[in-house]
Amino acid sequence: MAKQSQQDKWNQIYKNKGLEGGTPPNLPKPCSLLLQYQYLLPTHGTAIDIACGAGGNAIFLADHGLMTQAIDISNVAIEQLNSRNVPGLTASCQDLEKHNKLPPSNSSTNITQSSHGNFDVIVVSCYLYRDLCPVIIEALAPGGLLFYQTFHQQKQSSIGPSNPKFLLKNNELLDLFGCLNTLIFHQLSNQGDLSQGNRDLSSLIAQKPY
């Protein structure tokens, strides 16, 4: 039996989540980091949701007034997201681990656009491909914000991947994006009352220097 490709795997997941031949009925939610610190977002500019899945982050960014792109390996997820017809949002299918690059910003009016980067906001949630991190840094416009949240190796639940390849080491986000200015970082594991706080995800908000 041929090995299932990553695209086939995720296509099947989103087919199961969606309605027969249509869009999932419930509006997907943004990641907790973006929701909690939405007050840091600029009031205009460009954004991209990397490995967007159902598009909760992308929809949230577009509703906030940002010209937003969303990319994911699953063409099923992208078709479902595009069928929502969210103003200011475009979504496309891309295998990031094959091409290792991001699309250009879809707005020529980005006031911070320069040769150093195109996006005022980049969001990554529940996805880890370390080779893409330098590409993300390069794609940020000066002053641009990175919201990054994904699972770490000390997570307390079985939710998320088990392969260490897809799990962050202790404080690894700080190392991967050390050239950015850290605004927010938190990573809880087994300290204190385990019924309180998010124990599975490492979270970073960082800004590219001007």
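I will try to describe carefully the structure that is included in this document. Owing to the predicted nature of the structure, the values given are computational and were not obtained by experimental measurement. (Residues numbered from 1 in each chain as written. Predicted model: local features only at pLDDT ≥ 70, side-chain atom pairs only at ≥ 80, totals over all residues. Heavy atoms only, no water.)

1. Notes on the overall build of the chain
Thinking step 1. Counting its regular elements, the chain contains seven helices and seven strands.
Thinking step 2. Its helices and strands taken in sequence order, the chain reads α-α-β-α-β-α-β-α-β-α-β-α-β-β from the N to the C terminus.
Thinking step 3. Contacts in the chain between residues at least 24 apart in sequence constitute 60% of all its contacts with a sequence separation of at least 6.
Thinking step 4. With the model as given, the accessible surface of the chain reaches about 10800 Å², and the carbon-plus-sulfur share is 52%. (Helix = DSSP H or I, 4+ residues; strand = E, 2+ residues; numbered from the N terminus. Contact = heavy atoms within 4.5 Å. Areas by Shrake-Rupley, 256 points an atom, 1.4 Å probe, with all protein chains shown as cover.)

2. Examining the sheet that holds strand β1 (residues 46-50)
Thinking step 1. Read across the open sheet, the seven strands follow the order β3-β2-β1-β4-β5-β7-β6; overall the sheet is mixed. Each edge of the open sheet is held by one strand with a lone partner, namely β3 (89-93) and β6 (181-187). Here the strands of the sheet are splayed against their neighbours by 10° on average, with no regard to which way each runs.
Thinking step 2. Judged from the four bridges that link them, β1 and strand β4 (residues 119-125) form a sheet pairing that is parallel. (Pairing = 2+ DSSP bridges. Axes fitted to C-alpha atoms, helices over the stretch in contact; angles between N-to-C directions.)

3. Quick notes on the state of the cysteines
Thinking step 1. Within the structure shown, the criterion is met by zero disulfides.
Thinking step 2. You can see cysteine 31 has no disulfide; the closest cysteine sulfur is in cysteine 126, sitting 7.7 Å from it.
Thinking step 3. Cysteine 31 sits in the buried class, given a relative accessible area of 8%.
Thinking step 4. Here cysteine 93 stays unpaired: no disulfide links it, and the sulfur of cysteine 52, its closest cysteine neighbor, is 9.3 Å away.
Thinking step 5. A relative accessible area of 38% means that cysteine 93 is categorised as partly exposed. (Disulfide = S-S within 2.5 Å. Buried < 20%, exposed > 50% of the residue type's maximum accessible area, 1.4 Å probe, protein only.)

4. Points about helix α3 (residues 56-63)
Thinking step 1. The buried count for α3 comes to seven of eight residues, which makes it a mostly enclosed element.
Thinking step 2. Contacts from the buried residues of α3 go to α2 (32-36), β1, β2 (67-72), α4 (75-82), β3 and β4.
Thinking step 3. Where α3 ends, the next residue or the one after it, glycine 65, has phi of about 105°, a positive value.

5. Structural notes on unusual backbone geometry
Thinking step 1. Phi at alanine 51 is positive, roughly 55°, even though this residue is not glycine.
Thinking step 2. Looking at the secondary structure, you find alanine 51 in the loop between β1 and α3.
Thinking step 3. Looking at alanine 51, the relative accessible area reads 18%, which means it is buried.
Thinking step 4. Backbone geometry at asparagine 171 places phi at a positive 60°, although glycine is not the residue there.
Thinking step 5. For asparagine 171, the position within the fold is in the loop between β5 (140-151) and α7 (172-176).
Thinking step 6. When its relative accessible area of 32% is taken as the criterion, asparagine 171 is described as partly exposed.

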